[in-house]
Amino acid sequence: MAVDADVLIDWFDTHGRDLPWREPECSAWGVLVSEIMLQQTPVARVQPIWLEWMARWPVPSALAAETTGEVVRAWGKLGYPRRALRLHAAATVIAAEHGDVVPSDVDTLLALPGIGAYTARAVAAFAYGKRAPVVDTNVRRVVARAVHGVGDAGPASNTRDMADVEALLPAEDAPAAKLSAALMELGALICTARAPRCADCPVYDTCTWQHNGRPEYAGPAKPVQKFAGTDRQVRGLLLDVLRGSEGPVEKARLDIVWHEAGQRDRCLDSLLVDGLLEQTDSGLFALPGEH
DNA sequence: TATCCGTGGCA
DNA sequence: TTGCCAAGGAT
């Protein structure tokens, strides 16, 4: 057995981080907000924003009552601000159709905006203690190494990845949910992408990658995402102007953040289409609802 | 399935 | 300094 559940759970109980969304009293809503914020964003940057959100919007209906502009502003610089819009939309559905209670059923969660295969199962497991294969980038890497004996995970294959993890989970809900958290934590703290801390690994003795002599990753090269000069950068610069302003701004304020007019206007239009910005009757630009 | 969508820390 | 990387989802 490449991963002994009891061993890994014991390690997690001792070495797992004390994150606020892991506290027993944290609500399912708190777990959901944390999972959305943590998509592609490091824990250290999420934590202060999450604490603000929980104090300000302790239930889904509280968030749903805000303008999307205020939600985008409070999202700050976590990145990928469309997540904030989708979380607001999800909160609206939860308030209107689910009695202000975050669903516990994976399929119901999957129907909510911004919630995919990972987040639905993470909420089911971490908020409700259910047995569900929670597969994120950390877990994929741990399974690739400990089970398959290769240096890193290849391209994602949802069905296969979830089947791999499902096979590791204990039969009962509570230990399965605990193991899901432990697998993620192992990938985050020990079995890291760069310079894994194998000497401190609780499953060192049973790790297939160790037995194979820790071969280098031999799969297809992972596509590297550029950032400088892309629409992503320009959209970020444009939106940052509005986050830093009290109210609507003139287009001239936006024109100065990027030199190339064609790309700038295309990005501005895409922000309007996405609902991250609005144009006022007088032609000014504002966060949605803030004019 | 491949690509797009922000931001910042770190080696 | 530059490239890699960080609890993904939508299309």
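In this text, all values refer to a predicted model and were calculated from it rather than measured experimentally.

1. Describing the packing of helix H1 (residues 5-15) against helix H11 (residues 173-189)
So, step 1. At their nearest, the axes of H1 and H11 sit 9 Å apart, and the two run at 65° to each other. Viewed along their axes, H1 and H11 adopt a mutual orientation that is roughly perpendicular. The hand of the H1/H11 crossing is left-handed. Note on element contacts: H11 touches H1 through Pro175, Lys178, Leu179, Ala181, Ala182, Leu183, Glu185, Leu186 and Leu189, opposite Ala5, Leu8, Ile9, Trp11, Phe12, Asp13 and His15.
So, step 2. Of the residues belonging to the contact of H1 with H11, the class tally is twelve nonpolar, one polar and three charged.

2. Focus: helix H13 (residues 231-243)
So, step 1. Taking 1.5 Å per residue as the helical rise, H13 with its 13 residues ought to reach 18 Å, and the 18 Å between its terminal C-alpha atoms agrees with that figure.
So, step 2. For H13, the complete set of buried residues consists of Val234, Arg235, Leu238, Leu239, Val241, Leu242 and Arg243.

3. Some remarks on the protein's contact with DNA strand C
So, step 1. By nearness alone, 26 residues border DNA strand C, and Leu38, Gly114, Thr119, Asn138 and Val224 come closest of all.
So, step 2. Taken together, the sugar and phosphate atoms account for 66% of what DNA strand C places within 4 Å of the protein.
So, step 3. Between DNA strand C and Gly116, the relevant distance is 2.9 Å, taken from a phosphate oxygen to a main-chain nitrogen or oxygen of the residue.
So, step 4. Within the contact set of DNA strand C, a phosphate oxygen lies 2.6 Å away from a side-chain nitrogen or oxygen of Asn138.

4. Comments concerning the protein's contact with DNA strand B
So, step 1. For DNA strand B, the set of nearby residues contains 17 residues, the closest of which are Gln225, Phe227, Arg235, Gly236 and Arg243.
So, step 2. Backbone atoms, meaning sugar and phosphate, form 56% of the atoms of DNA strand B found within 4 Å of the protein.
So, step 3. The backbone of Gln40 places a nitrogen or oxygen atom 3.2 Å from a base nitrogen of DNA strand B.
So, step 4. One nitrogen or oxygen atom from the side chain of Arg235 is found 2.2 Å from a phosphate oxygen belonging to DNA strand B.
So, step 5. Take the surface near DNA strand B: its biggest share by element is five residues, from H13.
So, step 6. Of the residues contributing to the surface near DNA strand B, the split by class is four nonpolar, five polar and eight charged.

5. A look at the environment of Gly114
So, step 1. Residue position: Gly114 is located in the loop between helix H7 (106-110) and helix H8 (117-126).
So, step 2. Between the C-alpha atom of Gly114 and that of Leu85, which follows or precedes it by 29 residues, the distance is 8.7 Å.

6. Things to note about the domain arrangement of chain A
So, step 1. In terms of domain boundaries, chain A breaks down into domain 1 (28-126) and domain 2 (231-280).
So, step 2. Look at where the C-alpha atoms of domain 1 and domain 2 centre, and you get two points 25 Å apart.
So, step 3. With eight residues of domain 1 in contact, the opposing surface of domain 2 contributes eleven residues.
So, step 4. For the pair domain 1 and domain 2, the summed buried surface comes to about 770 Å²; carbon and sulfur atoms form 55% of the total.
So, step 5. In this assembly, domain 1 and domain 2 are joined by one salt bridge.
So, step 6. For Asp240, the salt bridge identified is with Lys77, shortest N-O distance 3.6 Å.
So, step 7. Put simply, domain 1 and domain 2 have three residue pairs in polar contact (both at pLDDT 80 or more) between them.
So, step 8. Those elements that provide at least two residues to the side of domain 1 that touches domain 2 are helix H5 (68-75) and helix H6 (82-97).
So, step 9. Taken together, the residues of the side of domain 1 that touches domain 2 break down into four nonpolar, one polar and three charged.

Thresholds, definitions, all that
Residues numbered from 1 in each chain as written. Chains lettered and ligands numbered in written order. Predicted model: local features only at pLDDT ≥ 70, side-chain atom pairs only at ≥ 80, totals over all residues. Heavy atoms only, no water. Axes fitted to C-alpha atoms, helices over the stretch in contact; angles between N-to-C directions. Helix = DSSP H or I, 4+ residues; strand = E, 2+ residues; numbered from the N terminus. Parallel < 35°, antiparallel > 145°, perpendicular 65-115°, else oblique. Left-handed = near helix turned anticlockwise from the far one by under 90°. Contact = heavy atoms within 4.5 Å. Nonpolar A, V, L, I, M, F, W, Y, C, P; charged D, E, K, R; others polar. Expected span 1.5 Å × (residues − 1). Buried < 20%, exposed > 50% of the residue type's maximum accessible area, 1.4 Å probe, protein only. Near = heavy atom within 4 Å. Polar contact = N/O pair within 3.5 Å; in protein donor to acceptor, adjacent residues only side chain to side chain. Domains from an automatic or database assignment. Buried area = accessible area lost by both parts, 1.4 Å probe. Salt bridge = Lys/Arg side-chain N within 4 Å of Asp/Glu carboxyl O.

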